[in-house]
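Structural overview for review
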Amino acid sequence: MEKMKAIITTRYGSPEVLQIKEVEKPHPRKNEVLIQVRAIAVTSGDCRLRAFNPPNLISSIPMRLMIGIFKPRRPIQGLWLAGVIEETAESVNQFKIGQPVYARTLDLKFGANAEYVCLPENAIIGLKPGSLTFEEAVSIPFGGLSALHFLKKSNINKGDTILIYGASGSVGTSAIQLANYFGAEVTAVCSTENMEWVKKLGVDKTIDYKKEQLTNCKDRFDIVFDAVGYIDRSVVKRLLKPTGNFVSVIHSGHAQSGVKELNFLTDLVEKGQLKPVIDKCYSFEEMIEAHRYVDKGHKKGNVVIKVNEK
Ligand SMILES: NC(=O)c1ccc[n+]([C@@H]2O[C@H](COP(=O)([O-])OP(=O)(O)OC[C@H]3O[C@@H](n4cnc5c(N)ncnc54)[C@H](OP(=O)(O)O)[C@@H]3O)[C@@H](O)[C@H]2O)c1
């Protein structure tokens, strides 16, 4: 029996619940591909899943029933990965051995936190943008697809003015770049230390949330996008034009996306209109440190784990 290393989430809790173990290497079943994982994203979503601390505990009860009441039903967690197709089931016709891809594991099954993962060929799998490394590629989709979903929900149009609150995180940095793509004029709200590098992503104006009160902002926006979930709702009303729209990563439902949206992001990357923003890269053995860092809620863009380093 072939073995692989995986990060096992033994129970819900702090990063210390993560343990490296040797487990059985998976083999592709009908319609599945086996991916050798080369990079994993450690997202705010991964940390929520590990700790099981969703923003709304009551509405999360059905979720807990599905993913495991007392401990994760699927001990290998992990949402987004980039890697190389190592094997395909005979029935697979969309992918070939050796192709570099980036992919999302299946809802409720997870499994990215390992050296290998099997996914059905119709899962959210896209060819890795050729211009990016595996680490860069895996940093794109979590924030990118979430930002795309909420920007579409906001009915963004060319010429709109948009205020992005929490502009320095994974969703925020993607929202800035995508809002630019849609032709909007971006005002970014972030802290003093993030101001300069965030501007370079394509920001027209910045507001330092540590020094300035949003209530003093004289501008009125077509869209207010809360990319971190902390904006005061009473302030939003004052910031919006009468016909303006408010979207929030916490209060506007769950982002939903598929292969079509992933390929859209790939296309933007290839055209240079969407760039990876990586704060820190860790080794597979440093998964606990990576989770500790993401838990702090102050990462700049994305955090990535390198796997099967060559
Ligand atoms: N609904 C959905 O489907 C969906 C999808 C994706 C994400 N989410 C949720 O969206 C939230 C953000 O996700 P993320 O991955 O982008 O988070 P993240 O990368 O961890 O965001 C961290 C960033 O937020 C900034 N920040 C922290 N406190 C802030 C404050 N009070 N005001 C302004 N900025 C602040 C930090 O900047 P400073 O260091 O300067 O404070 C840091 O750069 C999470 O709660 C996540 O669970 C929801």
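Report on the accompanying structure. Being a predicted model, the structure only gives us computed values, none of them experimental. (Residues numbered from 1 in each chain as written. Predicted model: local features only at pLDDT ≥ 70, side-chain atom pairs only at ≥ 80, totals over all residues. Heavy atoms only, no water.)

**Quick word on the side chain of Gln-177**
So the rule is basically this: Strands are runs of DSSP state E lasting at least 2 residues, helices are runs of H or I lasting at least 4, and numbering of each runs from the N terminus. Buried residues are those whose accessible area, probed at 1.4 Å on protein chains only, stays under 20% of the maximum for their type, while exposed residues exceed 50% and partly exposed ones sit between those limits. Think of a polar contact as two N or O atoms within 3.5 Å of one another; within protein, one of them needs to be a possible hydrogen donor and the other a possible acceptor, and neighboring residues in sequence only count if both atoms come from side chains.
Structurally, the position occupied by Gln-177 is in helix α5 (residues 170-181). Looking at Gln-177, the relative accessible area reads 7%, which means it is buried. For Gln-177, the side chain forms a polar contact with the main-chain oxygen of Thr-173, separated by 3.4 Å. Within polar-contact distance, the side chain of Gln-177 engages the backbone nitrogen of Lys-275 at 2.7 Å.

**Considering α5**
Formally: One less than the number of residues in a helix, times 1.5 Å, gives the span that helix is expected to have.
Its 12 residues give α5 an end-to-end C-alpha distance of 17 Å, which sits within 8% of 16 Å, the value for a rise of 1.5 Å per residue. Most of α5 is tucked away, with 10 of its 12 residues classed as buried. Considered for burial, the residues of α5 that qualify are Ser-170, Val-171, Gly-172, Thr-173, Ser-174, Ala-175, Ile-176, Gln-177, Leu-178 and Ala-179. Looking one or two places after α5, you find Gly-183, whose phi comes out positive at around 85 degrees.

**As for empty space enclosed by the protein**
Selection rule: The way it works is a 1 Å grid over only the protein atoms, where trapped points that fit a 1.4 Å probe form a cavity and open points with protein on both sides within 12 Å along at least five of seven lines form a pocket, and then any residue with an atom within 4 Å of a point lines it. Grid points are joined across faces, edges and corners, and a volume is the space filled by probe spheres set on the points. The source of the domain bounds is an automatic or database domain assignment.
Evaluation of the coordinates by the stated rule reveals 1 cavity of 30 Å³ or more. Space inside the largest cavity adds up to approximately 50 Å³. Around the largest cavity sit Ser-139, Ile-140, Gly-144, Thr-173, Ser-174, Gln-177, Leu-274, Lys-275, Pro-276, Val-277 and Asn-302, which together line it. The greatest single-element share of the lining of the largest cavity, amounting to 3 residues, is contributed by α5. The residues that make up the lining of the largest cavity include at least three from each of domain 1 (3-139 + 277-306) and domain 2 (142-248).

**A word on the pattern of salt bridges**
A side chain with one charge can pair with a side chain of the opposite charge if their charged atoms come near. This is how the line gets drawn: Here a salt bridge means any side-chain nitrogen of Lys or Arg lying within 4 Å of a carboxyl oxygen belonging to Asp or Glu.
Counted according to the given criterion, the structure contains 11 salt bridges. The shortest N-O distance in the salt bridge between Glu-16 and Arg-292 comes to 2.6 Å. Of the two residues, Glu-16 is situated in the loop between β1 (3-9) and β2 (18-24) and Arg-292 in helix α9 (residues 287-295); the sequence distance between them amounts to 276 residues. Among the ionic pairs, Asp-267 bridges to Lys-271, the shortest N-O distance being 2.9 Å. On the accessibility criterion, Asp-267 (36% relative accessible area) is partly exposed. Judged by its relative accessible area of 54%, Lys-271 is exposed. Through salt bridges with shared partners, one network takes in Glu-2, Lys-25 and Glu-86.

**Section: the site of the ligand**
The cut-off we apply is this: Near, as used in this document, describes a residue that has one of its heavy atoms within 4 Å of the molecule or strand being considered. Under the convention used here, a 1.4 Å probe and the Shrake-Rupley method define accessible areas, while residue burial counts only the protein chains that appear.
As a matter of local geometry, the ligand sits amid 26 residues, with Ser-44, Ser-168, Ser-191, Tyr-209 and Lys-299 nearest to it. Here Val-249 contributes a backbone N or O atom positioned 2.7 Å from a nitrogen atom of the ligand. Within the backbone of Ala-255, an N or O atom sits 2.7 Å from an oxygen atom of the ligand. Contact with the protein chains covers 90% of the free accessible surface of the ligand, which is 930 Å². Counting residues per element, the ones that place at least two in the shell around the ligand are α1 (44-51), α4 (141-153) and α5.

**Remarks on the layout of surface pockets**
Estimated volume of the second largest pocket: approximately 480 Å³. Considering the residues around the second largest pocket, the lining is formed by 20 residues, among which Pro-26, Arg-74, Phe-110, Val-117 and Cys-118 are closest to the centre. When residues in the lining of the second largest pocket are grouped by element, the largest group, 5 residues, is from strand β6 (residues 116-120).

**What about α1?**
Using the following cut-off: The arc in question is traced by the directions running from the helix axis to the C-beta atoms. Contacts between residues were defined by any pair of non-hydrogen atoms, one from each residue, lying within 4.5 Å.
Asp-46, Cys-47, Leu-49 and Arg-50 are the residues of α1 that are buried. Considered in projection along α1, the buried side chains sweep an arc of 160 degrees and stay on one side of the axis. Looking at the buried residues of α1, the elements they touch are β1, β2, β3 (32-41), α2 (61-67) and α9. The N-cap residue of α1 is Thr-43: its side-chain oxygen and the backbone nitrogen of Gly-45 are 3.1 Å apart. Where α1 ends, the next residue or the one after it, Phe-52, has phi of about 50 degrees, a positive value.

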